[in-house]
Amino acid sequence: MSADPSDRDQDKAQAGEYALGLLEPAEAAAFEARLVQDPDLRALLATWADDFAAFTDDIPQVAPPAHLKAALETALFPSSSRNSARFGWIMGGLLAASLAVVLLLNAGAFAPRGPGMTAMIAAENGAMLVAAAYDATDGTLTLERTAGAAAPGRALELWLIAQDNAPVSLGVLTDDTRTTVTVPAALRAQMSGSTLAISDEPSGGSPTGAPTGAVLAAGAVTPA
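Residues numbered from 1 in each chain as written. Predicted model: local features only at pLDDT ≥ 70, side-chain atom pairs only at ≥ 80, totals over all residues. Heavy atoms only, no water.

1. Details of the packing of aromatic side chains
Stated precisely, the cut-off is as follows: For Phe, Tyr and Trp, where Trp contributes only its six-membered ring, two rings pair if their centres lie within 6.5 Å, and the inter-plane angle classes them as stacked under 30 degrees, edge-to-face over 60, or tilted in between. Under the scheme used here, helices are H or I runs from DSSP no shorter than 4 residues and strands are E runs no shorter than 2 residues, and both carry numbers assigned from the N terminus. The cut-offs for exposure are 20% and 50% of the maximum accessible area for each residue type, with area from a 1.4 Å probe on protein chains only; residues under the lower value are buried, those over the upper are exposed, and the others partly exposed.
For the structure shown, the criterion picks out one aromatic pair. Where Tyr18 meets Phe31, the ring centres are 4.5 Å apart and the plane angle is 25 degrees; that geometry is what we call stacked. One end of the pair, Tyr18, is in helix H1 (residues 5-19); the other, Phe31, is in helix H2 (residues 25-37), with 13 residues separating them in the sequence. Here Tyr18 matches Phe31 in class, with each residue buried.

2. Some points on the pairing of strand E1 (residues 116-122)
Convention followed: Being paired, for any two strands, means DSSP has found at least two bridges between them.
Here E1 lies mainly inside the structure; six of its seven residues are buried. As judged from the seven bridges shared by E1 and strand E2 (residues 129-135), these two strands associate in the antiparallel manner. Along E2, the bridge assignment pairs Met120 with Ala131. From the end of E1 to the start of E2, which pair antiparallel, there are six residues, and Gly126 there has a positive phi angle of about 80 degrees. Two elements, E1 and strand E9 (residues 222-223), share two bridges in a ladder whose sense is antiparallel. Residue pairing for E9: Thr118 is matched across the bridge by Thr222.

3. A few points about the pairing of strand E4 (residues 154-161)
Working note: regular strand, side chains alternate between the two faces of the sheet. Counting buried residues along E4, seven of its eight residues qualify, which places the element largely inside the surrounding structure. When E4 meets strand E7 (residues 195-202), the two strands line up antiparallel, connected through eight bridges. Bridged to Leu160 within E7 is Leu196. Between the end of E4 and the start of strand E5 (residues 168-172), which pair antiparallel, lie six residues, with Gln163 showing a positive phi angle near 45 degrees.

4. Some thoughts on the nonpolar core
Quick reminder of the rule: Residues enter a nonpolar core if they are buried and are Ala, Val, Leu, Ile, Met, Phe, Trp, Tyr or Cys, with the set joined through side-chain atoms within 4.5 Å. Working rule for contacts: check all heavy atoms of both residues, and any pair within 4.5 Å makes them a contact.
Among the nonpolar cores identified, the biggest contains 23 residues, and Ile121, Leu141, Leu143, Leu158, Leu196 and Ile198 are the most heavily contacted of them. Looking at this core, the elements with two or more residues in it are E1, E2, strand E3 (140-147), E4 and E7. Residues contacting Ile121, with those up to four places away along its chain left out, are Met128, Leu129, Val130, Ala132, Leu143, Leu158, Leu196, Ile198, Ala217, Ala218 and Gly219. Judged by nonpolar contacts, the second largest core, of 13 residues, contains Ala15, Ala19, Leu45 and Ala218.

5. Comments concerning the confidence of the model for the protein
We apply this condition: pLDDT runs from 0 to 100 and stands for how confident the predictor is about each residue.
Across the protein, the average pLDDT comes to 74, with 68% of residues at 70 or higher. When the criterion is pLDDT under 50, residues 75-109 qualifies, and its contacts beyond four places in sequence or with other chains add up to 60 contacts.

6. Things to note about H1
Put simply, the rule reads: Here a helix's expected span is defined as the number of its residues, less one, multiplied by 1.5 Å. Directions are taken from the helix axis to each C-beta atom, and the arc is the one they span.
Compared with the 21 Å implied by 1.5 Å per residue over 15 residues, the 21 Å span of H1 between its first and last C-alpha is a close match. By the burial criterion, the buried members of H1 are Asp11, Ala15, Gly16, Tyr18 and Ala19. Down the axis of H1, the buried set is contained in an arc of 160 degrees. They therefore lie on one face. Of the exposed residues in H1, the ones pointing more than 90 degrees away from its buried face are Asp9 and Gln10. At the exit of H1 stands Gly21, carrying a positive phi of roughly 75 degrees.

7. Thoughts on the side chain of Ser194
Summarising the element assignment, Ser194 is placed in the loop between strand E6 (178-182) and E7. On the basis of relative accessible area, Ser194 is assigned to the buried category, the value being 0%. Residues within four places of Ser194 in sequence aside, it is in contact with Leu160, Ile161, Ala162, Gln163, Gly219, Ala220 and Val221.

Spelled out as C-alpha cells, the structure:
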C-alpha cells in the first residue's frame, strides 16, 4: 500500500465498500488479490468489520420463532439459480454476522463451544460461502461450506493471513461440506483480527507453501 495519504484514503473507502459488498465483481476480485499480499489493506478491512459488527452490540439476543427461521432460509437459500446474485452484497461486518446467524441455525449448533471467534469467508458474487467458528479453548476451527466447491482435479486450501505476516496454510478443505482443523498452537494468538482466505490449488494443496491459484473467498475473523 502506498504511503500517499490520498492512496490510503482511497484504500480505506474501498475496504469499506468491499465489506458492504458494494464493489463490482471485477473490482472485488482485484481487491481480494491485493488483500492476500497487503497487510495494511487487511488491517483496514478488519477495522471496518469490527466497526460494522459493533452496531449490534446493544441489541439483546432473541431466539427467532420457527416460522421466521423458515422464512429467512427460504429468502437466503432459494433453490433457483437465478437468485444466486442476491448473495453478492453479503460480505463482512454486520451483514455477514446476520447471515452467519441463519447459517449456524441451519447447520445445527454450529458455534464455538467456549470463548471464540467467527468468520464469514465469502466471494463477492456469492459463488463460495463458508462459515467458520473458532474455539479458542482448544484451537479447533470448524468450517461449514454452504456454497461453492473445488473444480475437478483441484483443491480448496484455507489460509490464515495475520497482520503483516505472509499467508499460512491451515490445510485443504475436505470434499464434505464440513471441515474441522486444529490451528497450530503457534498461530492461535494471531487469530484475532486476522483474515481467512480460500484459494484454488492443485489436488493436495499448494506445492510452494504459499497461495498459487486464485483467491476464491475471504473474510475477517471477529469475536463471537
